[in-house]
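Coordinate analysis (summary)
Here's the letter readout for the chains.
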Amino acid sequence: MPSADFVIRPARDGDLADLIELYHHLNHDPEPALAEQRFAAILAQPGMTVLIGFADGRAAATVTLIVVPNLTRKGAPYALIENVVTHADHRKRGYAGALIRRAIDQAWSDGCYKVMLLTGSQDPATLRFYENCGFLQNKTGFQIRRP
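A few points on the structure. (Residues numbered from 1 in each chain as written. Predicted model: local features only at pLDDT ≥ 70, side-chain atom pairs only at ≥ 80, totals over all residues. Heavy atoms only, no water.)

Right, let's talk about the pattern of salt bridges for a bit. Going through the model one piece at a time under the given rule, you end up with 3 salt bridges. For Asp89, the salt bridge is made with Arg58, and the minimal N-O distance between the two is 3.9 Å. Taken together, the residues span a long stretch of sequence, with Asp89 in the loop between β4 (78-86) and α3 (95-109) and Arg58 in strand β3 (residues 58-68) at a distance of 31 residues. Exposure remark for Arg58: the relative accessible area of 34% places this residue in the partly exposed category. In the salt-bridge network here, residues are joined through shared partners; they are Glu21, Arg58 and Asp89. (Salt bridge = Lys/Arg side-chain N within 4 Å of Asp/Glu carboxyl O. Helix = DSSP H or I, 4+ residues; strand = E, 2+ residues; numbered from the N terminus. Buried < 20%, exposed > 50% of the residue type's maximum accessible area, 1.4 Å probe, protein only.)

The following block contains the structure:
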C-alpha cells in the first residue's frame, strides 16, 4: 500500500521530463524532438491517458491506459494497459499496483468489458505482480474481465 503522500494524476503539459526519467528505468527514450512530438500526440489522443504517480512531489511510477472504441460486445470498449514503469528508487512500495488499480477503475468507469495488459517481460516476479493485480495470464498476455 503506497504512503499517504503518493498522488496519482493524468499527465499534462510539462510532464515530459518526468516521464522520460521514468522511461529510462524501462528502456532507452526517443530523441528529444521525437519525444515532444509523441507526447503532444498522446495528450491529444482521445481515450489515451498516461497516469503518473508522485511520491514526495517526484515522479515515482507511470502507466498508460488506452480505451479502444469497439463495434462488438454491444459497442462496449476494451482497454489496454502499457508502459508500466517504476523508478528504481521507488520499487516495492505499491506504487505500480496503485496505478494499475486506478487504470482498471477508469476502464470500468468508461464502460470497458475487459482490460488487457501486454508485457515483454519473462521475469517470474513481474508476471506474478500482474497476476496479483488481478490479471489472468493467457497465451497472448494478461487480461481481466469486468466483474
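Residue placement: Thr62 occurs in strand β3. On the basis of relative accessible area, Thr62 is assigned to the buried category, the value being 1%. At 2.7 Å, the side chain of Thr62 and the backbone oxygen of Leu51 are in polar contact. Aside from chain neighbours lying at most four places away, what touches Thr62 is Leu19, Leu22, Tyr23, Val50, Leu51, Ile52, Asn83, Val84, Val85 and Leu99. (Polar contact = N/O pair within 3.5 Å; in protein donor to acceptor, adjacent residues only side chain to side chain. Contact = heavy atoms within 4.5 Å.)

Let us now look at the sheet that holds strand β5 (residues 114-117). Taken in spatial order, the 7 strands line up as β1-β2-β3-β4-β5-β7-β6 in an open sheet, and their pairing is mixed. With one partner strand each, in any of the chains shown, β1 (6-10) and β6 (136-138) form the two edges of the open sheet. Ignoring which end each strand starts from, the neighbouring axes of this sheet average 25 degrees apart. Packed onto the sheet, α3 meets β1, β2 (48-55), β3, β4, β5 and β7 (141-145) and runs at close to 25 degrees relative to β3. (Pairing = 2+ DSSP bridges. Axes fitted to C-alpha atoms, helices over the stretch in contact; angles between N-to-C directions.)

Here we come to the nonpolar core. By size, the foremost hydrophobic cluster in this structure holds 30 residues, and its most contacted members are Phe6, Ile81, Val84, Ile100, Val115, Leu117 and Phe135. Contributing elements (two or more residues each) for this core: β1, β2, β3, β4, α3, β5, α4 (124-132) and β7. Ranked by residue count, the leading element in this core is α3, at 9 residues. Ile100 has contacts with Ile81, Val84, Leu117, Phe129, Tyr130, Cys133 and Phe135, leaving out every residue within four places of it along the chain. By size, the runner-up hydrophobic cluster in this structure holds 13 residues, among which are Leu19, Leu22, Ile52 and Val85. (Core = buried A, V, L, I, M, F, W, Y, C linked by side-chain atoms within 4.5 Å.)

Nothing here speaks to function; it is all geometry.
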